[in-house]
Amino acid sequence: MRHLRALCAIADTGSLRKAARQLGMTQPSLTTQLRRIENTVGGRLFSREVTGSRPTPLGRSVLCRARPIVAEMNALVDEVRLEAGQTADARLRIGSTGSRAVVGWLRRLRARYPDADTTIHIDVSANALLQMVAANQLDVAFVHEVEGAPLRVPEGVERRVLVEREPQFVALAETHPAAARPVVRLAELAADQWMVDPSVDGEGPGLRRVLAAAGLNPRVVYGDYLTAADLVASGEVVTPCQPTARSRQGVAVRPLHGDPLTVRLFLASRAVPAVRTGADGSAPDAVVRTGAIEPAPDRESDVPVDAGATASGAPVDIDATVGVGATAFGAPLDVDALFGDLADAYFEIAWASVAYRQWLVRNESPLLRLQEPPTRDELDILGLAGPAEVS
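Residues numbered from 1 in each chain as written. Predicted model: local features only at pLDDT ≥ 70, side-chain atom pairs only at ≥ 80, totals over all residues. Heavy atoms only, no water.

Looking at the pattern of salt bridges
- For the structure on display, the rule yields eleven salt bridges.
- Measuring nitrogen to oxygen at the nearest pair gives 2.7 Å for the salt bridge that ties arginine 112 to aspartate 341. With a gap of 229 residues between them, arginine 112 in helix H5 (residues 101-112) and aspartate 341 in helix H9 (residues 335-352) connect regions that are remote in the sequence.
- When its relative accessible area of 7% is taken as the criterion, aspartate 341 is described as buried.
- As a salt-bridge pair, glutamate 147 and arginine 165 come within 3.6 Å of each other at their nearest N and O atoms. One end of the pair, glutamate 147, is in the loop between strand S5 (140-146) and strand S6 (157-167); the other, arginine 165, is in strand S6, and 18 residues separate them in sequence.
- Owing to a relative accessible area of 33%, glutamate 147 belongs among the partly exposed residues under this scheme.
- Overall, the relative accessible area of 43% leaves arginine 165 in the partly exposed class.
- Taken together, the shared-partner salt bridges connect Arg93, Asp139 and Arg270 into one network. (Salt bridge = Lys/Arg side-chain N within 4 Å of Asp/Glu carboxyl O. Helix = DSSP H or I, 4+ residues; strand = E, 2+ residues; numbered from the N terminus. Buried < 20%, exposed > 50% of the residue type's maximum accessible area, 1.4 Å probe, protein only.)

Next comes the structure, spelled out in C-alpha coordinates:
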(Lines give C-alpha, C1' and ligand atoms only; values in the text may rest on other atoms or scores of the structure.)
Protein backbone atom coordinates (compact mmCIF):
# COMPACT_ATOMS: atom_id res chain seq x y z
CA MET A 1 0.00 0.00 0.00
CA ARG A 2 2.87 2.37 0.74
CA HIS A 3 4.23 1.82 -2.76
CA LEU A 4 0.81 2.32 -4.37
CA ARG A 5 0.23 5.53 -2.42
CA ALA A 6 3.63 6.79 -3.56
CA LEU A 7 2.82 6.11 -7.22
CA CYS A 8 -0.53 7.90 -6.91
CA ALA A 9 1.11 10.89 -5.20
CA ILE A 10 3.74 11.24 -7.96
CA ALA A 11 1.08 11.04 -10.65
CA ASP A 12 -1.27 13.49 -8.89
CA THR A 13 1.37 16.14 -8.19
CA GLY A 14 3.44 15.61 -11.34
CA SER A 15 6.60 16.08 -9.31
CA LEU A 16 8.79 13.90 -7.10
CA ARG A 17 9.53 16.90 -4.90
CA LYS A 18 5.87 17.75 -4.35
CA ALA A 19 4.91 14.10 -3.91
CA ALA A 20 7.61 13.68 -1.27
CA ARG A 21 6.30 16.73 0.58
CA GLN A 22 2.75 15.34 0.42
CA LEU A 23 3.90 11.95 1.72
CA GLY A 24 6.03 13.45 4.49
CA MET A 25 9.36 12.13 3.24
CA THR A 26 12.47 13.44 1.51
CA GLN A 27 12.80 13.54 -2.25
CA PRO A 28 15.89 11.23 -2.30
CA SER A 29 13.97 8.65 -0.24
CA LEU A 30 11.02 8.78 -2.64
CA THR A 31 13.36 8.54 -5.65
CA THR A 32 14.95 5.42 -4.13
CA GLN A 33 11.53 3.95 -3.40
CA LEU A 34 10.36 4.60 -6.98
CA ARG A 35 13.50 2.88 -8.32
CA ARG A 36 12.73 -0.19 -6.19
CA ILE A 37 9.13 -0.26 -7.41
CA GLU A 38 10.25 0.00 -11.04
CA ASN A 39 12.75 -2.80 -10.49
CA THR A 40 9.97 -4.93 -9.05
CA VAL A 41 7.56 -4.40 -11.96
CA GLY A 42 10.35 -4.57 -14.53
CA GLY A 43 9.94 -1.23 -16.28
CA ARG A 44 9.89 2.55 -15.96
CA LEU A 45 6.67 3.96 -14.53
CA PHE A 46 7.47 7.67 -14.89
CA SER A 47 9.46 9.74 -17.36
CA ARG A 48 11.27 12.92 -16.34
CA GLU A 49 10.22 15.89 -18.49
CA VAL A 50 10.76 19.65 -18.35
CA THR A 51 7.28 20.07 -16.90
CA GLY A 52 7.70 17.31 -14.30
CA SER A 53 7.23 13.56 -13.92
CA ARG A 54 4.70 11.98 -16.27
CA PRO A 55 3.44 8.36 -16.22
CA THR A 56 4.73 6.11 -18.99
CA PRO A 57 2.26 3.77 -20.74
CA LEU A 58 3.26 1.09 -18.20
CA GLY A 59 2.82 3.63 -15.41
CA ARG A 60 -0.68 4.53 -16.57
CA SER A 61 -1.58 0.85 -16.60
CA VAL A 62 -0.32 0.39 -13.04
CA LEU A 63 -2.08 3.55 -11.85
CA CYS A 64 -5.41 2.38 -13.27
CA ARG A 65 -5.19 -0.59 -10.90
CA ALA A 66 -3.55 1.27 -8.01
CA ARG A 67 -6.06 4.10 -7.57
CA PRO A 68 -9.12 1.89 -6.85
CA ILE A 69 -7.06 -0.19 -4.40
CA VAL A 70 -5.89 2.91 -2.51
CA ALA A 71 -9.43 4.33 -2.44
CA GLU A 72 -10.87 1.03 -1.19
CA MET A 73 -8.23 0.79 1.54
CA ASN A 74 -9.00 4.34 2.68
CA ALA A 75 -12.71 3.53 2.75
CA LEU A 76 -12.06 0.29 4.65
CA VAL A 77 -10.05 2.07 7.33
CA ASP A 78 -12.72 4.78 7.71
CA GLU A 79 -15.58 2.25 7.95
CA VAL A 80 -13.76 0.08 10.47
CA ARG A 81 -12.97 3.09 12.65
CA LEU A 82 -16.62 4.17 12.55
CA GLU A 83 -17.81 0.65 13.40
CA ALA A 84 -15.37 0.58 16.29
CA GLY A 85 -16.88 3.80 17.59
CA GLN A 86 -13.85 5.96 17.01
CA THR A 87 -15.87 9.10 16.40
CA ALA A 88 -13.25 11.11 18.27
CA ASP A 89 -11.08 10.80 15.15
CA ALA A 90 -13.54 12.88 13.12
CA ARG A 91 -11.86 14.39 10.07
CA LEU A 92 -12.85 17.03 7.57
CA ARG A 93 -10.47 16.98 4.61
CA ILE A 94 -10.50 19.99 2.33
CA GLY A 95 -8.27 20.89 -0.58
CA SER A 96 -7.48 24.05 -2.50
CA THR A 97 -5.34 25.20 -5.40
CA GLY A 98 -4.17 28.05 -3.20
CA SER A 99 -6.07 31.18 -2.26
CA ARG A 100 -5.83 33.84 0.41
CA ALA A 101 -9.43 32.96 1.24
CA VAL A 102 -8.34 29.59 2.66
CA VAL A 103 -7.43 31.12 6.04
CA GLY A 104 -10.90 32.59 6.54
CA TRP A 105 -12.54 29.42 5.22
CA LEU A 106 -10.63 27.26 7.69
CA ARG A 107 -11.58 29.58 10.53
CA ARG A 108 -15.27 29.24 9.68
CA LEU A 109 -15.08 25.47 9.21
CA ARG A 110 -13.41 24.96 12.57
CA ALA A 111 -16.16 27.01 14.19
CA ARG A 112 -18.80 24.91 12.39
CA TYR A 113 -17.14 21.57 13.21
CA PRO A 114 -15.26 22.23 16.48
CA ASP A 115 -14.77 18.51 17.22
CA ALA A 116 -13.44 17.60 13.79
CA ASP A 117 -9.80 17.31 12.81
CA THR A 118 -9.92 19.71 9.86
CA THR A 119 -7.01 19.36 7.45
CA ILE A 120 -6.10 21.32 4.31
CA HIS A 121 -4.24 19.95 1.29
CA ILE A 122 -2.80 22.62 -1.02
CA ASP A 123 -1.85 21.65 -4.57
CA VAL A 124 -1.33 23.86 -7.61
CA SER A 125 -2.87 21.12 -9.79
CA ALA A 126 -6.67 21.38 -9.83
CA ASN A 127 -6.91 18.06 -11.69
CA ALA A 128 -4.97 16.32 -8.92
CA LEU A 129 -7.36 17.70 -6.30
CA LEU A 130 -10.40 16.60 -8.31
CA GLN A 131 -8.96 13.10 -8.49
CA MET A 132 -8.49 13.11 -4.72
CA VAL A 133 -12.13 14.08 -4.23
CA ALA A 134 -13.24 11.29 -6.55
CA ALA A 135 -11.02 8.80 -4.69
CA ASN A 136 -12.47 9.85 -1.30
CA GLN A 137 -9.13 11.26 -0.21
CA LEU A 138 -10.70 14.73 0.15
CA ASP A 139 -14.23 15.71 1.14
CA VAL A 140 -14.27 18.94 -0.89
CA ALA A 141 -11.81 20.95 -2.97
CA PHE A 142 -11.80 24.63 -3.95
CA VAL A 143 -10.23 24.92 -7.41
CA HIS A 144 -9.97 27.27 -10.36
CA GLU A 145 -10.38 26.44 -14.04
CA VAL A 146 -8.58 28.52 -16.67
CA GLU A 147 -10.90 29.75 -19.42
CA GLY A 148 -10.30 27.76 -22.59
CA ALA A 149 -8.59 24.89 -20.72
CA PRO A 150 -11.33 22.75 -19.12
CA LEU A 151 -10.39 20.56 -16.17
CA ARG A 152 -10.85 16.79 -16.22
CA VAL A 153 -13.76 16.41 -13.80
CA PRO A 154 -14.03 12.73 -12.79
CA GLU A 155 -17.33 10.90 -12.88
CA GLY A 156 -19.16 11.22 -9.59
CA VAL A 157 -17.79 14.69 -8.78
CA GLU A 158 -20.09 17.71 -8.65
CA ARG A 159 -19.26 21.40 -8.90
CA ARG A 160 -20.73 24.39 -7.09
CA VAL A 161 -19.71 27.53 -8.96
CA LEU A 162 -18.52 30.39 -6.76
CA VAL A 163 -17.43 32.81 -9.51
CA GLU A 164 -18.22 32.04 -13.15
CA ARG A 165 -15.63 34.41 -14.63
CA GLU A 166 -12.95 36.00 -12.48
CA PRO A 167 -10.21 38.20 -14.02
CA GLN A 168 -6.57 37.38 -13.57
CA PHE A 169 -4.32 40.35 -12.86
CA VAL A 170 -0.63 40.74 -13.66
CA ALA A 171 2.31 41.03 -11.25
CA LEU A 172 5.14 43.25 -12.47
CA ALA A 173 8.02 45.21 -11.02
CA GLU A 174 7.12 48.51 -9.36
CA THR A 175 9.76 50.10 -11.60
CA HIS A 176 8.03 48.87 -14.76
CA PRO A 177 6.62 51.83 -16.78
CA ALA A 178 3.19 50.15 -16.94
CA ALA A 179 3.04 49.92 -13.13
CA ALA A 180 2.42 53.68 -13.01
CA ARG A 181 -1.05 53.14 -14.50
CA PRO A 182 -4.07 51.65 -12.70
CA VAL A 183 -4.88 49.31 -15.61
CA VAL A 184 -2.31 47.64 -17.88
CA ARG A 185 -2.75 46.69 -21.52
CA LEU A 186 -1.21 43.50 -22.85
CA ALA A 187 0.60 45.49 -25.55
CA GLU A 188 2.56 47.30 -22.81
CA LEU A 189 4.02 43.94 -21.78
CA ALA A 190 4.89 42.73 -25.28
CA ALA A 191 8.63 43.07 -24.69
CA ASP A 192 8.54 41.39 -21.28
CA GLN A 193 9.33 37.80 -20.45
CA TRP A 194 6.26 36.02 -19.01
CA MET A 195 6.56 33.26 -16.44
CA VAL A 196 3.98 30.55 -15.71
CA ASP A 197 4.02 27.54 -13.40
CA PRO A 198 3.70 24.38 -15.54
CA SER A 199 2.13 22.56 -12.60
CA VAL A 200 -0.92 24.85 -12.71
CA ASP A 201 -3.36 23.08 -15.02
CA GLY A 202 -4.21 25.12 -18.10
CA GLU A 203 -2.20 28.19 -17.13
CA GLY A 204 0.44 27.94 -19.86
CA PRO A 205 -1.94 27.13 -22.74
CA GLY A 206 -4.41 29.74 -21.49
CA LEU A 207 -1.77 32.48 -21.45
CA ARG A 208 -0.42 31.55 -24.89
CA ARG A 209 -3.94 31.59 -26.33
CA VAL A 210 -4.60 35.08 -24.96
CA LEU A 211 -1.24 36.44 -26.14
CA ALA A 212 -1.75 34.97 -29.61
CA ALA A 213 -5.25 36.49 -29.82
CA ALA A 214 -3.68 39.88 -29.07
CA GLY A 215 -1.10 39.38 -31.82
CA LEU A 216 1.76 39.08 -29.32
CA ASN A 217 4.50 36.47 -29.10
CA PRO A 218 6.64 37.24 -26.05
CA ARG A 219 8.93 34.65 -24.53
CA VAL A 220 7.16 32.43 -21.98
CA VAL A 221 9.31 30.59 -19.43
CA TYR A 222 8.41 28.09 -16.74
CA GLY A 223 8.96 28.52 -13.03
CA ASP A 224 7.47 28.12 -9.57
CA TYR A 225 5.01 30.81 -8.45
CA LEU A 226 6.16 30.30 -4.86
CA THR A 227 9.58 31.70 -5.74
CA ALA A 228 8.52 34.12 -8.48
CA ALA A 229 8.35 37.29 -6.37
CA ASP A 230 12.08 37.99 -6.50
CA LEU A 231 12.16 37.53 -10.28
CA VAL A 232 9.18 39.85 -10.72
CA ALA A 233 10.62 42.51 -8.38
CA SER A 234 13.91 42.47 -10.30
CA GLY A 235 12.09 43.04 -13.58
CA GLU A 236 13.16 39.68 -15.04
CA VAL A 237 9.60 38.43 -15.59
CA VAL A 238 5.93 39.34 -15.32
CA THR A 239 3.38 36.74 -14.21
CA PRO A 240 -0.38 36.28 -14.13
CA CYS A 241 -1.75 36.41 -10.60
CA GLN A 242 -5.00 36.22 -8.69
CA PRO A 243 -6.86 39.51 -8.23
CA THR A 244 -6.77 38.90 -4.47
CA ALA A 245 -2.95 38.68 -4.47
CA ARG A 246 -1.20 40.94 -1.98
CA SER A 247 1.52 43.19 -3.37
CA ARG A 248 4.99 42.44 -2.07
CA GLN A 249 7.96 44.75 -1.79
CA GLY A 250 9.06 45.76 -5.26
CA VAL A 251 6.04 44.09 -6.90
CA ALA A 252 2.91 45.80 -8.26
CA VAL A 253 -0.35 43.95 -8.95
CA ARG A 254 -2.48 45.51 -11.70
CA PRO A 255 -5.64 44.51 -13.61
CA LEU A 256 -5.38 43.84 -17.35
CA HIS A 257 -7.45 45.95 -19.73
CA GLY A 258 -10.46 44.01 -21.03
CA ASP A 259 -9.87 41.07 -18.65
CA PRO A 260 -8.31 38.77 -21.29
CA LEU A 261 -7.23 36.18 -18.69
CA THR A 262 -10.07 34.69 -16.64
CA VAL A 263 -10.76 31.65 -14.49
CA ARG A 264 -13.81 29.92 -13.09
CA LEU A 265 -13.88 29.20 -9.35
CA PHE A 266 -15.83 26.25 -7.99
CA LEU A 267 -16.13 23.85 -5.07
CA ALA A 268 -15.94 20.16 -5.94
CA SER A 269 -17.50 17.38 -3.88
CA ARG A 270 -18.58 13.78 -4.38
CA ALA A 271 -22.08 13.29 -5.73
CA VAL A 272 -24.81 11.58 -3.75
CA PRO A 273 -28.07 10.15 -5.13
CA ALA A 274 -30.52 12.88 -6.08
CA VAL A 275 -33.81 13.24 -4.22
CA ARG A 276 -36.62 14.26 -6.51
CA THR A 277 -39.19 16.89 -5.62
CA GLY A 278 -42.57 15.79 -4.32
CA ALA A 279 -45.60 15.13 -6.48
CA ASP A 280 -46.95 18.56 -5.63
CA GLY A 281 -43.82 20.14 -7.08
CA SER A 282 -42.54 21.34 -3.70
CA ALA A 283 -38.79 21.65 -3.30
CA PRO A 284 -36.85 19.38 -0.91
CA ASP A 285 -35.85 20.74 2.47
CA ALA A 286 -32.12 20.85 1.65
CA VAL A 287 -31.35 23.22 -1.20
CA VAL A 288 -28.19 25.01 -2.16
CA ARG A 289 -27.75 28.37 -0.50
CA THR A 290 -25.63 29.83 -3.29
CA GLY A 291 -23.88 28.49 -6.33
CA ALA A 292 -25.11 26.31 -9.17
CA ILE A 293 -24.43 22.59 -8.80
CA GLU A 294 -23.07 20.98 -11.92
CA PRO A 295 -22.47 17.27 -12.51
CA ALA A 296 -19.41 16.00 -14.31
CA PRO A 297 -19.76 16.60 -18.08
CA ASP A 298 -20.06 12.89 -18.88
CA ARG A 299 -22.86 12.21 -16.39
CA GLU A 300 -26.30 12.65 -17.93
CA SER A 301 -28.44 11.25 -15.13
CA ASP A 302 -28.04 14.06 -12.62
CA VAL A 303 -30.07 17.26 -12.80
CA PRO A 304 -28.69 20.63 -11.58
CA VAL A 305 -30.00 21.91 -8.30
CA ASP A 306 -31.64 25.26 -7.73
CA ALA A 307 -29.32 27.92 -6.47
CA GLY A 308 -31.64 30.91 -6.63
CA ALA A 309 -29.40 33.86 -7.43
CA THR A 310 -26.17 32.04 -8.17
CA ALA A 311 -22.67 33.42 -8.34
CA SER A 312 -22.73 32.75 -12.07
CA GLY A 313 -25.68 35.10 -12.41
CA ALA A 314 -27.94 32.50 -14.06
CA PRO A 315 -30.81 30.83 -12.17
CA VAL A 316 -31.27 27.08 -12.48
CA ASP A 317 -34.41 25.00 -12.04
CA ILE A 318 -35.24 23.16 -8.83
CA ASP A 319 -35.45 19.45 -9.59
CA ALA A 320 -33.19 17.65 -7.16
CA THR A 321 -31.13 18.13 -4.03
CA VAL A 322 -27.54 17.06 -3.74
CA GLY A 323 -26.53 19.15 -0.77
CA VAL A 324 -25.59 16.48 1.75
CA GLY A 325 -22.89 13.87 1.33
CA ALA A 326 -20.86 11.41 3.34
CA THR A 327 -17.97 12.69 5.39
CA ALA A 328 -14.81 11.14 6.80
CA PHE A 329 -16.29 11.27 10.29
CA GLY A 330 -19.53 9.51 9.43
CA ALA A 331 -22.06 12.28 10.02
CA PRO A 332 -23.75 13.86 6.99
CA LEU A 333 -21.56 16.52 5.44
CA ASP A 334 -23.48 19.68 4.62
CA VAL A 335 -21.66 20.74 1.47
CA ASP A 336 -24.01 23.70 1.07
CA ALA A 337 -22.86 25.06 4.43
CA LEU A 338 -19.22 24.52 3.47
CA PHE A 339 -19.87 26.38 0.22
CA GLY A 340 -21.53 29.22 2.12
CA ASP A 341 -18.52 29.49 4.44
CA LEU A 342 -16.24 29.57 1.40
CA ALA A 343 -18.33 32.30 -0.24
CA ASP A 344 -18.16 34.42 2.93
CA ALA A 345 -14.40 33.93 3.25
CA TYR A 346 -13.80 34.68 -0.42
CA PHE A 347 -15.86 37.85 -0.42
CA GLU A 348 -13.99 38.98 2.70
CA ILE A 349 -10.60 38.67 1.02
CA ALA A 350 -11.83 40.02 -2.34
CA TRP A 351 -13.30 43.14 -0.73
CA ALA A 352 -10.01 43.72 1.10
CA SER A 353 -8.18 44.10 -2.23
CA VAL A 354 -8.68 47.66 -3.48
CA ALA A 355 -8.07 46.86 -7.17
CA TYR A 356 -10.34 43.82 -7.12
CA ARG A 357 -12.96 45.68 -5.09
CA GLN A 358 -13.09 48.35 -7.77
CA TRP A 359 -13.42 45.66 -10.45
CA LEU A 360 -16.27 43.95 -8.57
CA VAL A 361 -18.26 47.16 -8.29
CA ARG A 362 -17.59 48.38 -11.83
CA ASN A 363 -18.61 45.06 -13.31
CA GLU A 364 -21.56 44.55 -10.94
CA SER A 365 -20.17 41.12 -10.09
CA PRO A 366 -22.72 38.50 -8.94
CA LEU A 367 -20.30 37.87 -6.07
CA LEU A 368 -21.61 41.11 -4.54
CA ARG A 369 -25.13 39.65 -4.40
CA LEU A 370 -23.99 37.00 -1.98
CA GLN A 371 -23.12 39.62 0.62
CA GLU A 372 -24.14 43.00 1.96
CA PRO A 373 -23.95 45.57 -0.88
CA PRO A 374 -21.38 48.35 -0.50
CA THR A 375 -22.64 51.55 1.09
CA ARG A 376 -22.63 54.94 -0.62
CA ASP A 377 -19.75 56.06 1.61
CA GLU A 378 -17.71 53.01 0.57
CA LEU A 379 -18.39 53.77 -3.09
CA ASP A 380 -17.36 57.41 -2.56
CA ILE A 381 -14.07 56.29 -1.02
CA LEU A 382 -13.47 54.08 -4.05
CA GLY A 383 -14.39 56.83 -6.45
CA LEU A 384 -17.18 54.65 -7.83
CA ALA A 385 -20.30 56.49 -6.67
CA GLY A 386 -21.07 57.52 -10.25
CA PRO A 387 -20.48 56.02 -13.71
CA ALA A 388 -16.87 55.08 -14.25
CA GLU A 389 -14.88 54.07 -17.31
CA VAL A 390 -11.68 52.06 -17.24
CA SER A 391 -9.37 53.31 -19.96
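Concerning the sheet that holds strand S11 (residues 251-254)
- With antiparallel pairing, three strands are arranged side by side in an open sheet as S10-S7-S11. Of all strands in the sheet, those with a lone pairing partner are strand S10 (239-241) and S11, marking the two edges. For this sheet, the mean inter-axis angle between neighbouring strands, taken without regard to orientation, is 35°. (Pairing = 2+ DSSP bridges. Axes fitted to C-alpha atoms, helices over the stretch in contact; angles between N-to-C directions.)

Comments concerning the packing of helix H1 (residues 2-13) against helix H3 (residues 27-41)
- Packing of H1 against H3 brings their axes to within 11 Å, and their N-to-C directions diverge by 110°. As the angle between them shows, H1 and H3 are arranged roughly perpendicular. The crossing of H1 and H3 is left-handed. Contact with H1, carried on its side by Arg2, His3, Ala6, Leu7 and Ile10, involves Leu30, Gln33, Leu34 and Ile37 of H3 and no other residues of that element. (Parallel < 35°, antiparallel > 145°, perpendicular 65-115°, else oblique. Left-handed = near helix turned anticlockwise from the far one by under 90°. Contact = heavy atoms within 4.5 Å.)

As for the environment of threonine 244
- By the secondary structure assignment, threonine 244 is in the loop between S10 and S11.
- With residues up to four places along the chain from it excluded, the contact list for threonine 244 reads Arg100, Tyr346, Ile349, Ala350, Ser353 and Tyr356.

A few points about the side chain of glutamine 168
- Within the element layout of this structure, glutamine 168 appears in the loop between S6 and strand S7 (169-173).
- The buried category is assigned to glutamine 168, whose relative accessible area is 7%.
- Apart from the residues within four sequence positions on either side, glutamine 168 is in contact with Cys241, Gln242, Pro243, Leu256, Leu261, Thr262 and Val263.

Quick notes on the packing of H1 against helix H2 (residues 16-23)
- H2 packs onto H1 with a crossing angle of 130° between their chain directions and a minimal axis gap of 8 Å. In terms of axis orientation, H1 runs oblique to H2. Remark: the crossing between H1 and H2 carries right-handed chirality. For the pair formed by H1 and H2, the contact residues are Arg5, Ala6, Ala9, Ile10 and Thr13 on the first element and Leu16, Lys18, Ala19, Gln22 and Leu23 on the second.
- In terms of residue class, the contact of H1 with H2 is built from six nonpolar, two polar and two charged. (Nonpolar A, V, L, I, M, F, W, Y, C, P; charged D, E, K, R; others polar.)

Thoughts on the layout of surface pockets
- The computed volume of the second largest pocket comes to approximately 740 Å³.
- Ala11, Arg54, Asn127, Arg152 and Asp201 are, among the 31 residues lining the second largest pocket, the residues nearest its centre.
- No other element matches helix H4 (residues 57-83), which puts four residues into the lining of the second largest pocket.
- Looking at side-chain class alone, the lining of the second largest pocket contains 13 nonpolar, ten polar and eight charged residues. (1 Å grid on protein atoms, 1.4 Å probe; cavity = no way out; pocket = protein on both sides within 12 Å on 5 of 7 lines; lining within 4 Å. Points joined across faces, edges and corners; volume = space filled by probe spheres on them.)

What about the pairing of strand S2 (residues 52-55)?
- Alignment of strand S1 (residues 46-49) against S2, held across four bridges, turns out to be antiparallel. Looking at the pairing, phenylalanine 46 lines up with proline 55 of S2.
- Once S1 ends, the chain turns through two residues before running back antiparallel as S2.

Considerations on the nonpolar core
- With 47 residues, the main nonpolar core has Trp105, Phe142, Leu162, Leu267, Tyr346 and Leu367 as its most contacted residues.
- The biggest single contributor to this core is H9, with eleven residues.
- Within the second largest apolar cluster, 18 residues are counted, among which are Val170, Leu186, Val220 and Ala252. (Core = buried A, V, L, I, M, F, W, Y, C linked by side-chain atoms within 4.5 Å.)

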